[in-house]
Amino acid sequence: RMEKGRPFVHLKWAMSADGKIACESGDAKWISNEKSRREAHKLRAKYNAVLVGSKTVVADDPSLSIRLTKKERQPYKIVLDSEAKLSYDGKLTKNTPSEKIIIAVSQKAKADKIKKLRERGFTVIKTKGERVSLIELLKELAKLGVSSVLVEGGSETLTSFLKAKLADKLTVFIAPKILGGKRSPVLEALCKTPEKSPRIAWTAVKKFDGDLMLEGNINA
């Protein structure tokens, strides 16, 4: 945050052995096993904030909380919701103070919807453009004192961070399953040739029952 004016960004996802984060039906529960999911909660506990896209909120109704101990410090919960369309009546807001929830919107978000979010006590960060500007959002988060963000998906959100070259680290949980289909964690091409692709310097490889966890630094 001090060097770049933005938080450290860590991407995390779970996928099958053939690189899919969900079945074609959209069902993603549960690709990874219980031990891997517990490790994911430990990872959340290291970060100031957890970020997802609006489609993940609709599809999975995540809580984004750390479920290790009752006294665990809870991170900020950030949602990319360009048009401020979501109602926020699910698990995300349950047992979470409103001041710990940040909604990132774009110029397409209507003033009355932004007002309603702020009336609920949420922090709303509005950026330029029709989609949320990730670099603007990260700079505003830094001003709020957020030093680190764990990005948990979905595919469009993960892809956006990689395309913008704003990802610093990556953790992937790989389950011994083959799902098939087209639901990959990264939806768009990041390079024209393999030599010009973002590179990962692996720093850890662990096994949780049948799952593998790979972790590394991203050199974009």
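Residue numbers restart at each chain and count upward from 1, following the sequence in its written direction. Restriction of local features to residues with pLDDT of at least 70 applies here, the model being predicted, together with a cutoff of 80 or more for giving and counting side-chain atom pairs; totals for whole chains, interfaces and linings are based on all residues. Hydrogens and water are ignored here; the side-chain numbers use all heavy atoms of the structure.

Q: Sorry, what's going on with helix α4 (residues 134-143) here?
A: Since there are 3.6 residues in each turn of an α-helix, residues three or four apart along the chain are aligned in direction. Restricting attention to buried positions, one finds in α4 the residues Leu134, Leu137, Leu138, Leu141 and Ala142. For α4, the angular spread of buried residues about the axis comes to 140°, placing them on one side. Segments assigned H or I by DSSP are reported as helices when at least four residues long, segments assigned E as strands when at least two residues long, and all are numbered from the N terminus. Where α4 ends, the next residue or the one after it, Gly145, has phi of about 90°, a positive value. Summary of the burial criterion: residues with accessible area below 20% of their type's maximum are buried, those above 50% are exposed, and those between are partly exposed, where the area comes from a 1.4 Å probe applied to protein chains only. This arc describes the spread of directions from the helix axis toward the C-beta atoms.

Q: Any chance you could explain the sheet that holds strand β7 (residues 169-175) here in plain terms?
A: Either a parallel or an antiparallel arrangement is found when strands of a sheet pair, and the pairing is made through backbone hydrogen bonds. Should DSSP find at least two bridges between two strands, the strands are taken to pair. Strands sit in the order β5-β4-β3-β2-β6-β1-β7-β9-β8 across an open sheet of 9 strands; the sheet is mixed. Of all strands in the sheet, those with a lone pairing partner are β5 (123-126) and β8 (199-208), marking the two edges. In this sheet, neighbouring strand axes are inclined to one another by 20° on average, regardless of whether the strands run parallel or antiparallel. In this structure, strand β1 (residues 8-16) lies alongside strand β6 (residues 148-153), joined through 4 bridges in parallel fashion. Residue His10 lies in a different strand from β6, and its bridge partner there is Leu150. Of the strands in this sheet, β4 (101-105) and β5 are in contact with helix α3 (residues 111-119), which crosses β5 at around 150°. To get an axis, a line is fitted to the C-alpha atoms, and for a helix only the part in contact is used. The angle between two axes follows their N-to-C directions and goes from 0 to 180 degrees. Working rule for contacts: check all heavy atoms of both residues, and any pair within 4.5 Å makes them a contact.

Q: What is the right way to look at the pattern of salt bridges in this model?
A: A side chain with one charge can pair with a side chain of the opposite charge if their charged atoms come near. Only one rule defines a salt bridge in this text: a Lys or Arg side-chain nitrogen within 4 Å of an Asp or Glu carboxyl oxygen. Under the counting rule described, the total for this entry stands at 12 salt bridges. A salt bridge links Glu152 to Arg44; the nearest nitrogen and oxygen atoms lie 2.7 Å apart. One end of the pair, Glu152, is in strand β6; the other, Arg44, is in helix α1 (residues 34-44), and 108 residues separate them in sequence. Judged by its relative accessible area of 10%, Arg44 is buried. Across the salt bridge formed by Glu188 and Lys163, the nearest N and O atoms sit 2.7 Å from each other. Of this pair, Glu188 sits in the loop between β7 and β8 while Lys163 is found in helix α5 (residues 155-163), placing the two residues 25 residues apart along the sequence. A network of salt bridges, in which partner residues are shared, links Lys4, Arg6 and Asp168.

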